[in-house]
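Observations on the model geometry
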Amino acid sequence: MFKKILIANRGEIACRVIRTAKRMGIKTVAVYSDADTRAPHVRMADESVRLGPAPAAQSYLNAELILDAVRATGAEAVHPGYGFLSERESFARALAEAGVAFIGPPPNAIAAMGDKIESKKLARDAGVNVVPGYLGDIATTDEAVKIAADIGFPVMMKASAGGGGKGMRLAYSEQDVREGFEATKREGLASFGDDRVFIEKFIEDPRHIEIQVLGDQHGNILYLGERECSIQRRHQKVVEEAPSPFVTPEMRKAMGEQAVALARAVGYFSAGTVELIVSGADPTGKSFYFLEMNTRLQVEHPVTEEVTGLDLVEQMIRVAAGEKLAFTQDDIKLNGWAIENRVYAEDPYRGFLPSTGRLVRYQPSTPTRSDDHVVRVDDGVFEGGEVSMFYDPMIAKLITWAPTREAAIDAQIEALDAFDIQGIGHNVDFLSALMQHPRFREGNITTGFIAEEYPDGFQGAPTDEQLTADLAAIAALIATTHESRAVMIDGQLGGHIRVNEDHIVRLDGGAEHRVHFELDRVVVDGAEPQRFDADYQLGQRLVRARIGNRNRTVLVAKNGRSWNMTTRGAKHRVTVMTPLVAELARHMIEKVPPDLSKFLIAPMPGLLTRLDVKAGDKVEAGQPVAVVEAMKMENILRAEKSAVVKATPVGAGESLAVDQVIVEFE
């Protein structure tokens, strides 16, 4: 077994590998860029080596710098994590030539599967179902239009070396192909150094299901069940679960055997994932097709670990050290249900725009593990640290396990309520809303779920009357606690002040409740008294309460004379008043927000790569006006209405701050 390994990655996955290596008694070496000097993975490792400046091309993507770190520390093996160099054949070969083990598959397997076009040909030859499409090199937009028309719309245009949702465009018409083909080429070149694009048929009502495979260097290859990864946004996975609510044992066997056949055809060993697109419209489950093979550990590997009881990082290390797998296919049993939610630095209330900056507060839910309940948090950030524009915007992965799917979902909702993140936008509310959505809970999901269920964007999860009444009770308790402290201050004018027994609680949606406390009970709107138990201290942000037979976890923060209360996937602004003040407040004039319709505003921090208008130009509604690049993705900004351009305060090539004015209209 290795005595020392280097982790050629950062963030959550670097921390994940280090934890397993420590448990195995293996020393670890971390590498870092200038942006990650104080990062958790650097502090966790036994040694650390600086690579270079923050941009990935000058640090984590520079194979020579990684090799220098290996030589300097005497590491015997390198775990690449996912992303960066994990699927670069040349890196694996360079390690082999240096006599250093690569904790991953052989270089020839990486090469075979890394090219999406060639991998589909290999899959077809290995007897694996493949999606109808054109796998040749496409040189021009006109050629792409003809090929797409021959296949039949809708089609998907994909960068050959793409991954992680980058370099993909869905086209329903010739115009879509003309608008998206060149953008797909540019994204492929910018993100992967390869601008080749292929086109394939888009499967309607698609489900994204993947098979985890694991092989050793002695010819043993197994499949470890499937993961359902259909909840995606812009082809980026958001929620993953194992097993899939759609897959039957017969489907699992058929998919698994094809995945093993493909792995065997390229001499694969280590952990890998065969991704499949499955037609949700076919109840027989026979309509599944090969998408690609990821020759590395997947972001969503924890759900497979929780249902199989295997540590995939440990297995990868053991395989790289030459050990045989200690179990067979018959030993693989799926136990219970696991769900993973990806907590991203993005603002769902602003169209899921990327959010970068400092984590002023980061308090995730508390990890727990028992025979019937698991809450696991895999992260690589820390309170006070920064979510950088240079890397992936993932903050953490929340994984829950329970004996049933419904219990695992409920555990997610409870755990998400306990997340406290400040300083940047995040998607915790959206994830909670997904977990509560009836269609998700039924398992009736496709890759179009988010677009179909949230066509107008996300404005918070629906709130029922019981929840608003419970929030009112909690808000009244908070107000009473603060009032109790206030009356204890000496020397107040006006004599003795009494704490109010009754409060009027008004929520931002217009709901209004009258709350009255009676010892350990609460009365809301004159209903039957309910037992009320909550421990709130001044300054406390997370309030856990039990009202009747209901448990509530609410994040609270002062907002002027009101309170922001966040729970169950929605934010509420709550104002607590005495009955007299509430009556007078009804006569107050509302403040009208400023009119911003005359401005095209930067929805995110990024680089203005293109500005298509100048002062005096007339634009029509829907017309592209500017292109902003953020997180290596191009975002086209369009005019919301017909107008004439008055001014363009910024030019192409300039960096933008969020809400910065790009174009002013007359």
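What this report covers is the structure whose coordinates are included nearby.

Our next topic: the sheet that holds strand β40 (residues 661–665). Ordered by their spatial adjacency, four strands build an open sheet running β33-β40-β38-β35, and the pairing between neighbours is antiparallel. The open sheet has two edge strands with one neighbour each: β33 (599–601) and β35 (618–619). Where β35 lies against strand β38 (residues 643–647), two bridges are found, and the strand directions are antiparallel. If you follow K618 over to β38, its bridge partner there is V644.

To continue, consider the side chain of Q232. You can see Q232 is positioned in strand β11 (residues 221–233). Among the polar contacts listed, one links the side chain of Q232 to the side chain of H208, at a separation of 3.2 Å. Setting aside residues no more than four positions away along its own chain, Q232 makes contact with H208, K237, V238, T447 and I450.

Relative to the assigned elements, R234 resides in the loop between β11 and β12 (236–242). Considering only alpha carbons, one finds R234 and A451, 217 residues apart in sequence, at a separation of 9.1 Å. A polar side-chain atom of R234 sits 3.1 Å from a polar atom in the side chain of N635.

This paragraph deals with the side chain of K185. By secondary structure assignment, the location of K185 is in helix α8 (residues 174–192). Within the local environment of K185, its side chain forms a polar contact with the backbone oxygen of D195, the two atoms lying 3.5 Å apart. Filtering out sequence-adjacent residues up to four positions away, K185 remains in contact with I138, A139, D195 and V197.

Ranked by internal contacts, the top residues of the largest apolar core, which has 39 residues, are I231, Y362, I395, I421, L434 and M435. For this core, the elements supplying multiple residues, two or more each, are β12, β15 (337–344), β21 (373–379), β23 (394–402), α12 (405–417), α13 (428–436) and α15 (449–453). Take this core: its biggest share by element is six residues, from α13. Contacts of I231, omitting those with residues within four sequence positions, involve Q236, K237, V238, V239, L434, F440, I445, F449 and I450. Counting residues in hydrophobic clusters, the runner-up holds 35 residues, among them F2, L214, L222 and F269.

Before going further, it helps to spend a moment on the layout of surface pockets. Taken as a whole, the second largest pocket encloses approximately 910 Å³ of empty space. What lines the second largest pocket is a set of 23 residues, among which R561, S562, T575, M577 and A585 lie closest to the centre. Those elements that place two or more of their residues in the lining of the second largest pocket are α16 (465–486), β25 (502–507), β31 (562–567), β32 (570–577) and α17 (579–585). Per-element accounting of the lining of the second largest pocket gives the leading share, four residues, to β32.

This brings us to the environment of I474. Examined against the element boundaries, I474 turns out to sit in helix α16. Put simply, I474 and A545 are 71 residues apart on the chain and 7.6 Å apart in space, counted from C-alpha to C-alpha. Residues in contact with I474, not counting those within four places in the same chain, are F532, V543, A545, I547, R552, V554 and M565.

What follows is about the pairing of strand β30 (residues 550–559). Both strand β29 (residues 542–547) and β30 contribute to a ladder of six bridges, which runs antiparallel. Within β30, the residue paired with A545 across the bridge is R552. If you look at the hairpin formed by β29 and β30, you'll find two residues sitting between the two strands, and G548 has a positive phi there, around 65°. Both β30 and β31 contribute to a ladder of five bridges, which runs antiparallel. Looking at the pairing, V556 lines up with M565 of β31.

Let's shift gears to the sheet that holds strand β14 (residues 288–294). An order of β14-β13-β10-β11-β12-β15-β23-β21-β20 is seen for the nine strands of this open sheet, with the pairing classed as antiparallel. Strands at the two margins of the open sheet, each flanked by one partner only, are β14 and β20 (368–370). This sheet shows a mean twist of 25° between the axes of neighbouring strands, independent of strand direction. Against the sheet, α13 touches β11, β12 and β15, its axis set at about 150° to β15.

Compared with the 32 Å implied by 1.5 Å per residue over 22 residues, the 31 Å span of α16 between its first and last C-alpha is a close match. Two or three places before Q466, at the start of α16, stands the capping residue D464, its side-chain oxygen 3.2 Å from that residue's backbone nitrogen.

The next thing to look at is the packing of aromatic side chains. For any pair of aromatic rings, the description consists of the separation of the ring centres together with the inter-plane angle of the planes. A full pass over the atoms with the stated rule returns 11 aromatic pairs. Between F91 and F102, the aromatic rings sit 6.3 Å apart at their centres with planes inclined by 90°, giving edge-to-face as the arrangement. Here F102 lies in strand β5 (residues 101–102) and F91 lies in helix α4 (residues 89–97), a separation of 11 residues in the sequence. Looking at F102, the relative accessible area reads 10%, which means it is buried. Members of the aromatic cluster, joined through ring pairs, are Y349, F352, F430, Y454 and F458.

Let us now look at the packing of helix α5 (residues 107–114) against helix α6 (residues 116–125). The contact between α5 and α6 brings their axes to 5 Å, and the two run at 100°. The pairing of α5 with α6 is recorded here as roughly perpendicular in orientation. For the pair α5 and α6, the contacting residues are A112, M113 and G114 in the first and K116, E118, S119 and L122 in the second. In the contact of α5 with α6, the residues fall into three nonpolar, two polar and two charged.

Evaluation of the coordinates by the stated rule reveals 63 salt bridges. A salt bridge links R638 to E179; its shortest N-O distance comes to 3.9 Å. One end of the pair, R638, is in strand β37 (residues 633–638); the other, E179, is in helix α8, with 459 residues separating them in the sequence. A residue is classified by how much of its surface remains accessible, and R638, at 36% relative accessible area, is partly exposed. Of the residues examined, E179 reaches a relative accessible area of 45% and is grouped as partly exposed. A salt bridge links E305 to R376; its shortest N-O distance comes to 3.0 Å. Pair noted here: E305 is in helix α10 (residues 301–308) and R376 is in strand β21, with a separation of 71 residues, a long-range link.

Further remarks concern the pairing of β14. Counting buried positions along β14 gives six out of seven residues, so the element sits mostly inside the fold. Where strand β13 (residues 270–279) meets β14, six bridges bridge the pair, whose relative direction is antiparallel. Its bridge partner being in β14, I277 is matched across the sheet by Y289.

About the cut-offs
Residues numbered from 1 in each chain as written. Predicted model: local features only at pLDDT ≥ 70, side-chain atom pairs only at ≥ 80, totals over all residues. Heavy atoms only, no water. Pairing = 2+ DSSP bridges. Helix = DSSP H or I, 4+ residues; strand = E, 2+ residues; numbered from the N terminus. Polar contact = N/O pair within 3.5 Å; in protein donor to acceptor, adjacent residues only side chain to side chain. Contact = heavy atoms within 4.5 Å. Core = buried A, V, L, I, M, F, W, Y, C linked by side-chain atoms within 4.5 Å. Buried < 20%, exposed > 50% of the residue type's maximum accessible area, 1.4 Å probe, protein only. 1 Å grid on protein atoms, 1.4 Å probe; cavity = no way out; pocket = protein on both sides within 12 Å on 5 of 7 lines; lining within 4 Å. Points joined across faces, edges and corners; volume = space filled by probe spheres on them. Axes fitted to C-alpha atoms, helices over the stretch in contact; angles between N-to-C directions. Expected span 1.5 Å × (residues − 1). Phe/Tyr/Trp six-rings, centres within 6.5 Å; stacked < 30°, edge-to-face > 60°. Parallel < 35°, antiparallel > 145°, perpendicular 65-115°, else oblique. Nonpolar A, V, L, I, M, F, W, Y, C, P; charged D, E, K, R; others polar. Salt bridge = Lys/Arg side-chain N within 4 Å of Asp/Glu carboxyl O.

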